[in-house]
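Architecture and fold: a report
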Number of protein chains: 2
Amino acid sequence: MDQLKQLNDRIISRVNINLEEFGFDTESFVKNSLEYDKMLKFYAFYGITSRHPIYFHFKKSNLAGSYFFGKCYVGRSTIYKSDIRGDELKRKGDTIRCSKNIPLVEDETITIKDSLLYKTLVHSNSHNPESPEEFGIRNTISAHYANIHGSTLEGCFLGPFATVDLMNLHSCIVGEFSYVQTGELFHRKIDPGTVWIRNHNFEFKYKFEKEILDDFVGVNSLYQPRGIIYDFVKEREQDYEKLFDVVNLEPIDAPATSAVSRYAVVLSKTHIGENVLVAQSAFLDNAVMGDGSNAQENSYIIHSTLVGLNVTAHGGKIIHSNIGFETFVGFNSFLNGKPDATIDIGEGCIVMPHTIIDPDVPIKIPGEHLIWGFIRSEDDLRNNTISLDKLADVRDSLRIGRMVFSGKGSVFIDGFKRRISQILLANGALFNNGEKRGHAQDDQNISFNTIQPYTTGELNGLYPSIRIKP
Amino acid sequence: MDQLKQLNDRIISRVNINLEEFGFDTESFVKNSLEYDKMLKFYAFYGITSRHPIYFHFKKSNLAGSYFFGKCYVGRSTIYKSDIRGDELKRKGDTIRCSKNIPLVEDETITIKDSLLYKTLVHSNSHNPESPEEFGIRNTISAHYANIHGSTLEGCFLGPFATVDLMNLHSCIVGEFSYVQTGELFHRKIDPGTVWIRNHNFEFKYKFEKEILDDFVGVNSLYQPRGIIYDFVKEREQDYEKLFDVVNLEPIDAPATSAVSRYAVVLSKTHIGENVLVAQSAFLDNAVMGDGSNAQENSYIIHSTLVGLNVTAHGGKIIHSNIGFETFVGFNSFLNGKPDATIDIGEGCIVMPHTIIDPDVPIKIPGEHLIWGFIRSEDDLRNNTISLDKLADVRDSLRIGRMVFSGKGSVFIDGFKRRISQILLANGALFNNGEKRGHAQDDQNISFNTIQPYTTGELNGLYPSIRIKP
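Residues numbered from 1 in each chain as written. Chains lettered and ligands numbered in written order. Predicted model: local features only at pLDDT ≥ 70, side-chain atom pairs only at ≥ 80, totals over all residues. Heavy atoms only, no water.

An unreviewed UniProt entry annotates chain A as Transferase originating from Desulfobacula phenolica.

1. Some details on the pattern of salt bridges
All names here are of chain B. So the rule is basically this: For this document, the term salt bridge refers to a Lys or Arg side-chain nitrogen within 4 Å of an Asp or Glu carboxyl oxygen. Where helices and strands are cited, they refer to DSSP runs of H or I of at least four residues and of E of at least two residues respectively, numbered from the N terminus. When accessible area is computed with a 1.4 Å probe and restricted to protein chains, residues below 20% of their type maximum are described as buried, those above 50% as exposed, and intermediate ones as partly exposed.
Considering all chains together, one arrives at 42 salt bridges over all chains under this definition. Here Asp114 and Arg14 are joined by a salt bridge, their closest N and O atoms 3.2 Å apart. Of the two residues, Asp114 is situated in the loop between β9 (109-113) and β10 (116-118) and Arg14 in helix α1 (residues 2-18); the sequence distance between them amounts to 100 residues. Taking relative accessible area as the criterion, Asp114 reaches 5% and is therefore assigned buried. Of the residues examined, Arg14 reaches a relative accessible area of 32% and is grouped as partly exposed.

2. Some remarks on the interface of chain A and chain B
Rules: Note on contacts: a residue pair is in contact if any heavy atoms of the two residues lie within 4.5 Å. Values labelled buried area give the accessible surface lost by two parts on being combined, using a 1.4 Å probe and summing over both. As used in this structure description, the phrase polar contact means that two N or O atoms lie within 3.5 Å; if the pair is within protein, one of them must be able to donate a hydrogen and the other to accept it, and residues adjacent in sequence are counted only when both atoms belong to side chains. Residue type decides the class: Asp, Glu, Lys and Arg count as charged, Ala, Val, Leu, Ile, Met, Phe, Trp, Tyr, Cys and Pro as nonpolar, and the leftover types, Gly among them, as polar.
Listed as interface residues are 32 residues of chain A and, on the opposing side, 32 residues of chain B. For chain A, the biggest contributors to the area lost against chain B are Val247(A), Tyr454(A) and Arg467(A); these three give 19% of the whole. Across the chain A-chain B interface, the total number found is zero salt bridges. Counting across the interface, chain A meets chain B through 18 residue pairs in polar contact (both at pLDDT 80 or more). Elements with a contribution of two residues or more to the side of chain A that touches chain B: β1 (44-48), α6 (237-245), β48 (447-451) and β49 (465-469) of chain A. The residue inventory of the side of chain A that touches chain B, partitioned by class, reads 17 nonpolar, 12 polar and three charged.

3. Overview of helix α9 (residues 409-426) of chain A
All names here are of chain A. Basically, it comes down to this: Expected span, for any helix, means 1.5 Å times one less than how many residues it has. The directions considered for the arc are those from the helix axis to the C-beta atoms.
An ideal rise of 1.5 Å per residue puts 26 Å on 18 residues; α9 measures up with 26 Å between its terminal C-alpha atoms. Of the positions making up α9, those classed as buried are Gly409, Phe412, Ile413, Phe416, Arg419, Ile420 and Leu424. Relative to the axis of α9, the buried residues are bounded by an arc of 140° and lie together on one face. Gly428 sits one or two positions beyond α9 and adopts a positive phi of about 80°.

4. Here we look at the nonpolar core
Filter applied, for reference: To qualify as a nonpolar core, a set must consist of buried Ala, Val, Leu, Ile, Met, Phe, Trp, Tyr and Cys residues joined through side-chain atoms within 4.5 Å.
Counting residues in each nonpolar core, the largest one holds 122 residues, and the members touching the most others are Tyr46(A), Phe68(A), Tyr46(B) and Phe68(B). In contact with Phe68(B), other than residues within four places in its own chain, are Phe45(B), Tyr46(B), Gly47(B), Phe56(B), Phe58(B), Leu63(B), Val74(B), Ile79(B) and Ile84(B). In terms of nonpolar packing, the next biggest core, distinct from the first, is built from 118 residues, Phe45(A), Phe161(A), Tyr230(B) and Trp372(B) among them.

Okay, structure coming up:
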């Protein structure tokens, strides 16, 4: 086990050097998160299909419980119960559009070096035009249920439930439950509970009250997650265990146009429509998945209906809710309806990433609204929603409650709607007559191969070096 | 699936060219054995420990249901539900003793190319001094439950239940249920049911009557196995299935000095003593495994007692039998005792490979005897056993029933006893106070990694190219 401990110590020291200016020590997080017995016990696995280029190279790493899909290199890293999903990587010949078009000279590869990812999701492709062929994560530590979405990272720490989206970060700390999509950041510390989107055309910023964060998703003195959202996730962890105990599972009943991962939990009374994607580590219980809807990794859809063409982004949680046609629920949102306090969201809405709705009474939000922040009662809707029409009229700036927006509202909405369309397209939600294939069609017929670490000897806890090509 | 079918067609044509002089066409065997749906369904797996050098390289092959351990390369081959067990491969620095000592310049690797192995066992190390670093199998097809033990093969066909032991064969056909250990053979066809050992010092030869073979282990017009032994094995196949369905199994109760493979079937009322090895695909039911006894791959020990220091070689079947101390049961032997017709074999006996005992009445064989051929009643003992003392006195030749021996009996016995001691040592049967470790100790704590084929697309049915190093 010595080599595994040395590996983690080396990662801690590398990340700490990058974050020296903040006086932030990652050791407490790492030492209190990692359980070495589990790092020896859980297998890792990788997916093979004929529809995605195949290259896996794992070296001097521990990969316990993690899943890899798409081209990927992992060296000198600990990837613990994480999903590294490269089915949206760019390919040779693709072109990046920025100030000028950059063609890719080879397939993009996810490259993770000297990093520790803990229950983290890595998805999409690098939005860093400096390295179009490499989606790189280096000298970085991420905590429970962080999302690294199309973001290259160097020398960073991501707190629990943090999301970095389409970014490029150097020597940054992203606090727990913060969402950032701000292009490029250097040497910044993002406060916990910050939801921040910024580009040349607009800026959206919201910051959760400290008391709300403390209740829902904070950290304790050892930098471990705590609060209602973490408890919710933790309570359901055991439901995943049986998926890992059994080699072959009876496939879930679903149309031929839909893909339900055998590593998703699907409990009783769930209906899967056409063109539906239920990803790895999604959780469905009494869920109606309307045609073209999807449940991404770490999303939970419980006692709820998704009417159709719905995106539930990574980590989105939808409970006792009715989600209208084409409504989008962002990363790590927590729609915590109850049997007598349901959540009803109309069609064409955008639930911003990291939104919390935790009602005591039924909540009804009309269609074509933007929804953000923290909502407990009908009263809160005033300060945490706006109709898209009204937002589209904003030319300069807008402040509602704790939210500040600047720029043109119409550009913000158009950008968001375009992205939602792209996500639906990529997921195969629009598949029709053999056209517009996406993940729901292409991620079927995956073969899962498993790998395990050495359990004795000098390399105890490390995985053998393994390289897989077509 | 086209590429997989092409692969098998190419193997058939390559082997056929080698066997052209015999007018033997392997197509009927291959086409009637392979079930393509199973070749897509079963995973392959390989074992990793800190005690064996690690190198696996699989390329352009189908490996359905097969297990690999030790250094191994497989290219352009179909390895179906076979065990390729390289834990006795020679290592860099080891020396082969033949006319002069040959030191190995690198670790030995099992290399399988352009071959089709069907439910075959490959074990031990190459006894071909021409290629000490390579245990090579090329342009070869082997049928159900063939044993390739320390034998290099080029352009050969092995029939069902055939064993080639410590050999080097070129363009040969080995008939069903034949055992050969004759150094080197070129362009030979070995009749079914031949048990033949030959070296510079002695020769042992026995040939089963055709009627006995027809009953116990023949082939039909499609060259598929048939008969009592095949039925016996076939009936128990489903007991293995649950081993493959589950990722983690409760370990079998066994002393810390013993290894019971999680891919062995162990049914009720089985006792495992100290220093016991129960290998991959062994089958135990109401078995007493005395200290230092072992059950090799594809062996069955049912309602039987192994008193201690017993070897049950690959494919040995022991039913309603009591096997004395230090008694050896050779490859593919079938000791088919019944509740009212038990088999009792004394201590220090040698049951020759491919011996069939199928009694209607209780059979008792005293200690220190050599046992061979076909035994149904006490009467048959006269023509199928001899005391080792008597055999040791043979100086020139001996004919008993259908068995012909020539050479010095004492040299034959000494060689056999020496080999049994080596097997016990290699298996860890003599482990004591931390000394004389063997497989029973070193094969514990194996990690099993699984791999699966492409299930769609151009490469459908082939496994991705995979290379694993420490």
